[in-house]
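Here is what each chain is made of, one letter per residue.
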Amino acid sequence: MSSTSEAAFLAPPTGKPVGQSVAMHRLLRKLYPIGRSITGEGVRQTLRMLEQYLPAGLQVQEVPSGTPVLDWVVPPEWNIRQAYVRDTQGRHVIDFANHNLHVVGYSQPVAGWFTRAELEEHLHSLPEQPDLIPYRTSYYGASWGFCLAHRQREQLQDEVYEVCIDATHDPAGSLTYGQLLLPGSSEEEVLISCHLCHPSLANDNISGLVVATALANWLADRPRRYSYRFLFVPATIGAITWLAQHQETAVPCVRHGLVLSLLGGPGQFTYKASEAGAAEVDRAVALALRDLHEPHELRLFSPYGYDERQYCSPGFRLPVGCLTRTPFGEFPEYHTSADNPDFVTQQQLTGSLRLLRRVCRVLEQNQTYQNLSPYGEPQLGRRGLYKTVGGGLDGQQWQMVLLWVLNQSDGRHSLLDIAERSGLPFQLLHKAAVALRATQLLA
Amino acid sequence: MSSTSEAAFLAPPTGKPVGQSVAMHRLLRKLYPIGRSITGEGVRQTLRMLEQYLPAGLQVQEVPSGTPVLDWVVPPEWNIRQAYVRDTQGRHVIDFANHNLHVVGYSQPVAGWFTRAELEEHLHSLPEQPDLIPYRTSYYGASWGFCLAHRQREQLQDEVYEVCIDATHDPAGSLTYGQLLLPGSSEEEVLISCHLCHPSLANDNISGLVVATALANWLADRPRRYSYRFLFVPATIGAITWLAQHQETAVPCVRHGLVLSLLGGPGQFTYKASEAGAAEVDRAVALALRDLHEPHELRLFSPYGYDERQYCSPGFRLPVGCLTRTPFGEFPEYHTSADNPDFVTQQQLTGSLRLLRRVCRVLEQNQTYQNLSPYGEPQLGRRGLYKTVGGGLDGQQWQMVLLWVLNQSDGRHSLLDIAERSGLPFQLLHKAAVALRATQLLA
Amino acid sequence: MSSTSEAAFLAPPTGKPVGQSVAMHRLLRKLYPIGRSITGEGVRQTLRMLEQYLPAGLQVQEVPSGTPVLDWVVPPEWNIRQAYVRDTQGRHVIDFANHNLHVVGYSQPVAGWFTRAELEEHLHSLPEQPDLIPYRTSYYGASWGFCLAHRQREQLQDEVYEVCIDATHDPAGSLTYGQLLLPGSSEEEVLISCHLCHPSLANDNISGLVVATALANWLADRPRRYSYRFLFVPATIGAITWLAQHQETAVPCVRHGLVLSLLGGPGQFTYKASEAGAAEVDRAVALALRDLHEPHELRLFSPYGYDERQYCSPGFRLPVGCLTRTPFGEFPEYHTSADNPDFVTQQQLTGSLRLLRRVCRVLEQNQTYQNLSPYGEPQLGRRGLYKTVGGGLDGQQWQMVLLWVLNQSDGRHSLLDIAERSGLPFQLLHKAAVALRATQLLA
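Residues numbered from 1 in each chain as written. Chains lettered and ligands numbered in written order. Predicted model: local features only at pLDDT ≥ 70, side-chain atom pairs only at ≥ 80, totals over all residues. Heavy atoms only, no water.

Enquirer: What's the story with the interface of chain C and chain A in this structure? I'm lost.
Expert: For interface size, the figure often reported is the accessible area lost on association. With 26 residues of chain C in contact, the opposing surface of chain A contributes 29 residues. For the pairing of chain C and chain A, the buried interface totals around 2300 Å² over both sides, and the portion due to carbon and sulfur atoms is 50%. A per-residue breakdown of the area chain C buries against chain A is headed by Asp71, Pro303 and Tyr304 of chain C, which together make up 29% of the total. Connecting chain C to chain A are 5 salt bridges. (Contact = heavy atoms within 4.5 Å. Buried area = accessible area lost by both parts, 1.4 Å probe. Salt bridge = Lys/Arg side-chain N within 4 Å of Asp/Glu carboxyl O.)

Enquirer: Hey, could you run me through the relation of the copies chain B and chain A in this one?
Expert: Comparison of the two chain copies shows a relationship of rotation about an axis with a shift along it. Placing chain B over chain A gives an RMSD of 0.1 Å and needs a rotation angle of 120°, together with 0.1 Å of translation along the axis. Overall, the copies show the geometry of a three-fold rotation axis. The rotation axis passes nearest to the C-alpha of Ala278 of chain B in chain B, at a distance of 13 Å. (Least-squares fit on C-alpha atoms with pLDDT ≥ 70 in both.)

Enquirer: Would you explain helix H7 (residues 237-245) of chain A in this entry?
Expert: Of all the 9 residues making up H7 of chain A, 7 are buried; the element is thus mostly covered by neighbouring parts of the structure. Those residues of H7 of chain A that sit buried are Ile237, Gly238, Ala239, Ile240, Thr241, Trp242 and Leu243 of chain A. (Buried < 20%, exposed > 50% of the residue type's maximum accessible area, 1.4 Å probe, protein only. Helix = DSSP H or I, 4+ residues; strand = E, 2+ residues; numbered from the N terminus.)

Enquirer: Help me out: how do you make sense of the packing of helix H8 (residues 280-291) of chain B against helix H10 (residues 346-365) of chain B in this one?
Expert: Each pair of packed helices can be summarised by the angle the axes make with each other and by the distance between the axes. All names here are of chain B. In contact at an axis separation of 9 Å, H8 and H10 are set at 125° when each is read in the N-to-C sense. It follows that H8 is oblique to H10 by the angle criterion. For the element pair H8 and H10, the recorded crossing hand is right-handed. Contacts between H8 and H10 involve Glu280, Val281, Ala284, Val285, Leu287, Ala288, Leu289 and Asp291 on the former and, on the latter, Leu355, Arg358, Val359, Val362 and Leu363. Along the lines of polarity and charge, the residues of the contact of H8 with H10 split into 10 nonpolar, no polar and 3 charged. (Axes fitted to C-alpha atoms, helices over the stretch in contact; angles between N-to-C directions. Parallel < 35°, antiparallel > 145°, perpendicular 65-115°, else oblique. Left-handed = near helix turned anticlockwise from the far one by under 90°. Nonpolar A, V, L, I, M, F, W, Y, C, P; charged D, E, K, R; others polar.)

Enquirer: How should the packing of aromatic side chains be read in this particular structure?
Expert: Working definition: an aromatic ring pair is given by the centre-to-centre distance plus the angle between the planes. Using the criterion set out here, one finds 39 aromatic pairs over all chains in the structure. Between the aromatic rings of Phe328 of chain C and Tyr334 of chain C, the centroid separation amounts to 6.1 Å while the plane-to-plane angle is 45°, which identifies the pairing as tilted. Taken together, the ring pairs in this structure connect Tyr304, Tyr306, Phe328, Phe331, Tyr334 and Phe343 of chain A into an aromatic cluster. One residue, Arg325 of chain B, lies across the ring of Phe269 of chain B, its end atom 4.1 Å from the ring centre. One residue, Lys431 of chain C, lies across the ring of Trp398 of chain C, its end atom 5.4 Å from the ring centre. (Phe/Tyr/Trp six-rings, centres within 6.5 Å; stacked < 30°, edge-to-face > 60°. Lys NZ or Arg CZ within 6 Å of the ring centre and 35° of its normal.)

So this is what it looks like as structure tokens:
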């Protein structure tokens, strides 16, 4: 149950140490080819691979198809063996074996000959991005379809095609998700949630999976005030299933939460606030972005997006925001075959991890202190906290930090409050709080 | 007691149907020539004419002169038979018969010869608008005067003039006002107040009278949650008299209110908020303006202006704002003979009516709902509320509307709150609420 | 105990009247040469001189060295008889007698020969302002030093120098401060605090001392609602000593307070708010600056600066802001020999006094009134408060002032609230309140 070392993450399974950014990108490349959906073997394979890199035992849950979860029902498990469109010469003009975006997710099985006109009704392509395969799903409608590059589609000339989708929707199957709990000294939890249902899309959301994995390794090696719960769940139905199963247990413990996605692609950070809008996690992320001088955009909550929709629904109202770089739908590679491992850089992954570490530090270190010498300023000089040359300005910033912490520590202002009001870096304020506590000036 | 049809308003009394904007402008032309003041026959004549166009019985009140009303006393009734200034050749150089702005409102009677110097002290003209007759009143000072074009004034050359103002201030007279109540399913009221004391000024405020009349007809034909009370009152003393007489009855029922004026002249809408500043009516007007993409200006409350001064006084603090187009004093025709029927366009009257209908719709439809499936998002797809192609963006706006209503309907946010937060049109949100209620997702 | 006349301030002690701005600047020149520190004879001499100009008895307190005051201890009393650096030819290359900035404040006594290298470690100069002597202190470190112009320092060529600082740190001495109380009809106090510990620095803070002295004279001749307490204290330790000695008596009576400094130098006003940030004094200063059309900057509180640090500490949280012109550290003459009497102008001193008088007026006159005729507008005309020509705009601003006071005087809004909301000058609103009270419309 104890955490493995960070090194384990950095270079499993060979043991040869590599840099963290290299390691994250390698894991991303390994996860990329797996054909995932909201249920099925691809999800299990993904979780087994993540488990190798995680610092503690990943708890994998299988929830039977047909299980009622909140307002939903767990769908039949979908698996696909092969799928193709074959022309009259027997050539596979579209083949799932070439790219797992070629089949619309959750397609019904089909086998037979179709006229080109009939087939066309089941094809999806992007006329304005004619070289890219789009990503499409149809989880809750009984349909089938193929996705392909528009140029490829234009070359379909035959009158008839043989179509095969060899897929199963097993009502006796299950939905699979993984969760990892890193216990802290408190039962209060920080929830980190990533969706793992997208096949062969690197930024959306393998980037989230690998950054979360790296964050878990970093946290595992440190003392933790909070417990950290990492969720690797299929989007929507996975979050809903987890909420349904933990409504009485983990849900009431969640104090802060983040949905992670799109963390390896281009663009500055975009943080979408929780429904509350100024929850501690919202402020911690904004502060970490400010202190790291990261260009970024802060957006208000809206009920569309990733699984923060579920966590922030009115029955739960968990303080969960969503951190991405360029948000979904706002970059041309989104939900296409161009969202491949080359689209994700080591640098962006590493920058995302750095930001998340900073956010966790703020959450861990944010406390409300009490100045034990609140009448006037205490004499910092005789405690060795302060330069004593009254007329000069040396050491002025450090004095400022100490003075801000002392002045605002009236039991009503947290370090986060002080960081916002003073404009001073959170880490400096925390350092000052530690120094002041060591001299019995703060409790 | 039941309402007449809108058609009745559109083409009374001949019955030949005309467009609403034509009808409003025709009524305005009919009302224009009447010589009105804060009391007297002109007010009664105006109310009799409005009654023909209103959808239900207009209640006309006569309040005897001398009646104490709040801090005021109803003044003697003023009527005027004739008034002129005659030169030594017997020519009527100024004649009330030519324009009823020629006499200062509430002038004392006068008859006799005056030197030109003496006369000059009783003349009002506009040197910078030399062709226009100004509008002046002197309700509570015992004086008299004539208003005339500055060019006309400059032609007065005689040494002496004969002056006649054949007016009466009858202490046994009364103040007259009209009110129309359209009862709704609730006793809570929306107050619509217009001043009707200005003579021969088309925008100020015959425009308000005719738009209010059209609005009353529109409301009469619809189911109403609120009761609507239309007041046609002389400015200041009329509103004060109504407040004094309804302090225990109607006043406590007023939930929202608008003073209407200057709705047919040029310029974008200007809305002056109630004293509270963010009352529901203030927000409803701002939202209607936003949703209709009307250019507009929102102004803060100030205690100068129209009868919102009285309704918002500290003893009442009714949530009553004031809707105009270009506000009083800010267009050159204001309070001059240039504010005539040609200054008011059908288009502006119709635009004002459209805005007011939208405001009433917002007030009527604004409710706070409760999401009955608040844990996670309900599955909209199986209820036919939602497109099911998960990866595409079709129908995205409609999804957004549904999701906003569901997410915010936690019993604490009204549709108006949701419209403000989401930026979505109120009417779409209302439509979503109706659809969600029909599927038992909302109560 | 009664106040002397303002004339006494204007021209003591000769009696020949001079203008106030001349008088303030003359006093500043007299105070400039005195060698002050946080204790010692210079402080006593300064207080004796101020006493001649103050309108009532200045209470001078001597607090023995070694007395515990809050977290601090009153330091030994420091006095200095002579100090110099002498070269091998016996020339005084640095001499305290030439400028009392030459010695680091609270320097330890020293006598003997030093190599130039040894001496250099005790010298302070400003390479970028080579003609100016810097101001340095070392109150709580046992060190010594000399300050000198950098050009002068560069001329030190000898191998050895004789150094003499003939100073005493008397543990049986005391700390001296002065306070003046001008009692008002209430025991609630306005605190005006100036630091008096800086030697030969004109703007910092002899300007504060003389403007406070002039303000005390102005206040002494007027009826006062509040009691006014003027403090002339050494920075930090003086404010802390006063707080320690008045924790149970005066401190709970302080309703508003200002720290005054840097009021005679260049630049627009800068007001730093109290910790509360929107205390009545903060709003009064902002309003006075607005009404006087003074260019200015409003800054948020920070726990660095002058003695507002002590008054705003969490145990006291007194509503005390800090008024300066260009703040400390933001003008090149700051804490150098260039901050001399020529740097301070009569005009700036007078402008500062004018602003402070205005602030005091706002504090004195700020009241929350009750409209006694709150239902509708009262009829101002018959009370002679109001022009009666209804249609014209004459006298409109005065009407506005009356109407704002009446509308907002619902017992919840003070005149200061009304001034902020209406944008109208405070003094006009006060005048209106007086007029309305005279007609029994306001209580």
